[in-house]
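Examination of the molecular architecture
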Amino acid sequence: MDLSHIFNSKKIFRISFYAVLFSFLSFAAFSEEHAAADTSHAAATEVHAEPKEKDEDISKVILHHIADSHEWHFFGHVALPLPVILWTDNGLVTFMSDKFGHNDHGTELIDADGTGLVNYHGKFYYPAESKSADGTYISHDSKGEITNGKPLDISITKNVVSLLISVVILLVVFIGIANAYKKREGKAPKGMQSILEPIILFVRDDIAKPQLGHKYRGFMPYLLTVFFFVWLNNLMGLVPFFPGGANLTGNIAVTMMLALCTFVLTTVNGNKNYWGHVFTPHVPWWLYPLMIPVEIVGLFVKPVALMIRLFANITAGHILILSLISLIFILKSVFVAGIAIPFVLFISVIELVVGFIQAFIFTILSALFIGMAVEESHAEH
Amino acid sequence: MHQSDENSDRKDEARNENQPLKSYARYTGMAFQMMGIIAVFAFAGYKIDEWYGHKVQWVTALACVLGVCLSIYQIIRQLKE
């Protein structure tokens, strides 16, 4: 029996690498479980108050990092204030986010041009009549839901700024490329053109053409826009400092709007064949009352799946990286960094790939759904 | 010129029909569709039970089973295509 392959050093390295990875992951899961147990224990007896606060702090920090914000935090106490625009009962109220300090615990009343407001975890509410037991102007019902009224928040938040930056980048790059094609017609591509031409052709030949057939031409602008928008924002979300780090594609409102665009395109472009499949499916007639609802559910599930897939993948990646860094603080040892930081780098590189794959999947599924809508009926049916 | 363009597109279509990518994209949507169908039926059953104030939520249970059956039927139908 030849066992030499087991002693192959490369293989040993790989096996030990994965062994460490998995033991580490299970350790992380264990510590989390332990923390959860601690939390419930503390909540029950109110004895272990200290570890409870610590663990809650860390999950708060992680969730704070992936959430939208009224200011763009750089480091320490340096942050870029962003305009807050609220539609309140008294009409439009605007101010810069740093005008009333950084109290977001709901303990401080804000007087914005005569409109009383309170900032609680980065969201603006109308204050309750009086302070509640925890010292905030926020009142909760028996289920713990906030009962305060809320003005309509249309602020330029961190995500909106990030969105605008990415739009400017995309416009500059692609208008430049389009002009280069006009100017250098018939010549070899140059500069940015030669970097992005293979990717544009990839979207056309591997995404649009297989799904849409000879009708691909009309949908190319949408598919290319969605692909580069999602990809650029996935990558910008991975940059930890300005102008990145806004986690735009990990915001479900953004992915919902993208999915809605695909939904509108499929609905508007759906031909007789497509709607025929929905309202007269190929089933016995007595199944119609059941199958038509099923087909209609299918119409809405497709964009919802699109929305959740992108949101969940990007959010999960960000939480994973932040959790690995947080291990240093959970285990309270600087030596954990020796393991945690290489893993953070490892996951970050994976996230670079995931950023591309998710943009690709979003685009190919959009193309597939549009393709199903514009497909001619098959002769064999 | 136009004719040849059309022809090359047809060829592309035929060539790409066999690519695993297309079927992969198709199948990933099916799981979500199954979940959606079951969820909608369960929700409808739950609401009906709530409306009539049933002590035992048998409509929810029946609707769930119906949803599972229909989603499996739907998947088999799609796989046959």
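Residues numbered from 1 in each chain as written. Chains lettered and ligands numbered in written order. Predicted model: local features only at pLDDT ≥ 70, side-chain atom pairs only at ≥ 80, totals over all residues.

1. Considering the overall build of chain A
When its secondary structure is counted, chain A shows nine helices and eight strands. In chain A, which comprises 381 residues, the share counted as buried stands at 24%. Long-range contacts, defined as pairs at least 24 residues apart, comprise 56% of the intrachain contacts of chain A with a sequence gap of at least 6. (Helix = DSSP H or I, 4+ residues; strand = E, 2+ residues; numbered from the N terminus. Buried ≥ 20, exposed ≤ 12 C-beta atoms within 10 Å, placed from the backbone. Contact = placed C-beta atoms within 7 Å.)

2. A look at the overall build of chain B
A count of helical and extended segments in chain B gives three helices and zero strands. Along its sequence from the N terminus, chain B presents helices and strands in the succession α-α-α. Looking at the 81 residues of chain B, the share that counts as buried comes to 17%. The contacts of chain B with a sequence gap of at least 6 include a subset with a gap of at least 24, amounting to 50%.

3. With respect to the sheet that holds strand β4 (residues 91-96) of chain A
Residue and element names in this part refer to chain A. Pairing in this open sheet of three strands is antiparallel, and the strands run β4-β3-β8 from one edge to the other. At either end of the open sheet lies a strand with only one pairing partner, and these are β4 and β8 (152-153). As judged from the two bridges shared by strand β3 (residues 83-88) and β8, these two strands associate in the antiparallel manner. Within β8, the position partnered with L86 by the bridge is D153. (Pairing = 2+ DSSP bridges.)

4. Let's talk about the pairing of strand β2 (residues 78-81) of chain A
All names here are of chain A. Sheet topology places strand β1 (residues 71-75) next to β2; four bridges connect them, and they run antiparallel. Its bridge partner lying in β2, E71 is registered against P81. If you look at the hairpin formed by β1 and β2, you'll find two residues sitting between the two strands, and G76 has a positive phi there, around 50 degrees.

5. Brief notes about the confidence of the model for chain A
Low-confidence regions, as indicated by low pLDDT, have predicted coordinates that should not be scrutinised in detail. All names here are of chain A. The pLDDT averaged across chain A works out to 80; a share of 85% of its residues lies at or above 70. Considering only residues more than four positions removed or in separate chains, one finds that residues 1-7, a stretch of pLDDT under 50, has one contact. Considering only residues more than four positions removed or in separate chains, one finds that residues 22-50, a stretch of pLDDT under 50, has 17 contacts. (pLDDT = per-residue confidence, 0-100.)

6. Overview of the environment of S348 of chain A
Residue and element names in this part refer to chain A. Inspection of the secondary structure puts S348 in helix α9 (residues 337-374). According to the C-beta neighbour criterion, S348 is partly exposed, with 15 such atoms within 10 Å. Remark: the alpha-carbon pair of S348 and P198, spanning 150 residues in sequence, is separated by 25 Å.

7. Comments concerning helix α5 (residues 220-238) of chain A
Because each turn of an α-helix spans 3.6 residues, side chains separated by three or four positions in sequence point in the same direction. Spanning 19 residues, α5 of chain A covers 27 Å between terminal C-alpha atoms, matching the ideal 27 Å at 1.5 Å per step. What α5 of chain A keeps buried is the set L223, F227, F228, F229, V230, W231, L232, N233, N234, M236, G237 and L238 of chain A. (Expected span 1.5 Å × (residues − 1).)

8. Remarks on the environment of I330 of chain A
Looking at the secondary structure, you find I330 of chain A in helix α8 (residues 288-330). On the basis of neighbour count, I330 of chain A is assigned to the partly exposed category, with 18 C-beta atoms found within 10 Å.

9. Focus: the pairing of strand β6 (residues 115-120) of chain A
Residue and element names in this part refer to chain A. As paired strands, strand β5 (residues 105-112) and β6 are joined by five bridges and run antiparallel to one another. Pairing of D111 across the sheet is with G116, part of β6. Hairpin connection from β5 to β6: two residues lie between these consecutive antiparallel strands, with D113 at a positive phi of about 50 degrees. Here β6 pairs with strand β7 (residues 123-125) via three bridges, running antiparallel. In the sheet register, Y120 faces β7, and the bridge partner there is K123. Between β6 and β7, which follow one another and run antiparallel, lie two residues, and H121 among them has a positive phi close to 50 degrees.

10. With respect to the packing of helix α4 (residues 192-212) of chain A against α9 of chain A
Any two packed helices are characterised by the angle at which their axes cross and by the distance between the axes. Residue and element names in this part refer to chain A. For the pair α4 and α9, interaxial distance at closest approach is 7 Å and the crossing angle is 30 degrees. Considering their axes alone, α4 and α9 lie roughly parallel with respect to each other. Considering the relative orientation of α4 and α9, their crossing is right-handed. Along its contact with α4, which presents V203, I207, A208, Q211 and L212, the element α9 presents T363, I364, A367, L368, I370, G371 and V374. (Axes fitted to C-alpha atoms, helices over the stretch in contact; angles between N-to-C directions. Parallel < 35°, antiparallel > 145°, perpendicular 65-115°, else oblique. Left-handed = near helix turned anticlockwise from the far one by under 90°.)

11. Section: the sheet that holds β7 of chain A
All names here are of chain A. In space, the three strands of this open sheet follow the order β5-β6-β7, with antiparallel pairing throughout. The open sheet has two edge strands, β5 and β7, and neither has a second partner. In this sheet, adjacent strand axes meet at a mean angle of 35 degrees when their direction is disregarded.

12. Details of the environment of V239 of chain A
In this structure, V239 of chain A sits in the loop between α5 and α6 (252-269). Residue V239 of chain A is classed as exposed on the basis of its 11 C-beta neighbours within 10 Å.

13. Thoughts on the nonpolar core
Of all hydrophobic cores here, the largest spans 45 residues; its most connected members are A208 and A367 of chain A. Those elements that place two or more of their residues in this core are α4, α5, α6, α8 and α9 of chain A together with α2 (20-52) and α3 (58-80) of chain B. Discounting residues that sit within four places of it in the chain, A208 of chain A has contacts with V203, Y216, F219, M220, L223 and A367 of chain A. (Core = buried A, V, L, I, M, F, W, Y, C linked by C-beta atoms within 7 Å.)

14. Observations regarding the packing of α5 of chain A against α9 of chain A
Residue and element names in this part refer to chain A. Their axes nearest at 9 Å, the elements α5 and α9 cross at an angle of 160 degrees. It follows that α5 is roughly antiparallel to α9 by the angle criterion. Viewed along their axes, α5 and α9 form a crossing whose handedness is right-handed. Each of L223, V226, F227, V230, W231, N234, L235 and L238 in α5 lies in contact with α9, whose residues at this interface are S348, E351, L352, G355, F356, Q358, A359, F362, T363, S366 and A367. Per-class residue counts for the contact of α5 with α9 are 12 nonpolar, six polar and one charged. (Nonpolar A, V, L, I, M, F, W, Y, C, P; charged D, E, K, R; others polar.)

15. Focus: α4 of chain A
Residues and elements named next belong to chain A. Look at α4: 28 Å from first C-alpha to last across 21 residues, which is about the 30 Å you get at 1.5 Å a residue. Along α4, the positions that sit buried rather than exposed are V203, I207, A208, K209, P210, Q211 and L212. Remark: G213 follows α4 within two positions and exhibits a positive phi of approximately 65 degrees.

16. Quick word on the confidence of the model for chain B
Residues and elements named next belong to chain B. For chain B, mean pLDDT is 77; residues scoring 70 or higher make up 68% of the total. Model confidence for chain B, summarised as mean pLDDT per element, is weakest for helix α1 (residues 2-17) at 49 and strongest for α3 at 89. Within the model, pLDDT remains below 50 along residues 1-7, and this stretch shows one contact once partners closer than five positions in the same chain are excluded. With a pTM of 0.78, the predicted complex shows an ipTM of 0.71.

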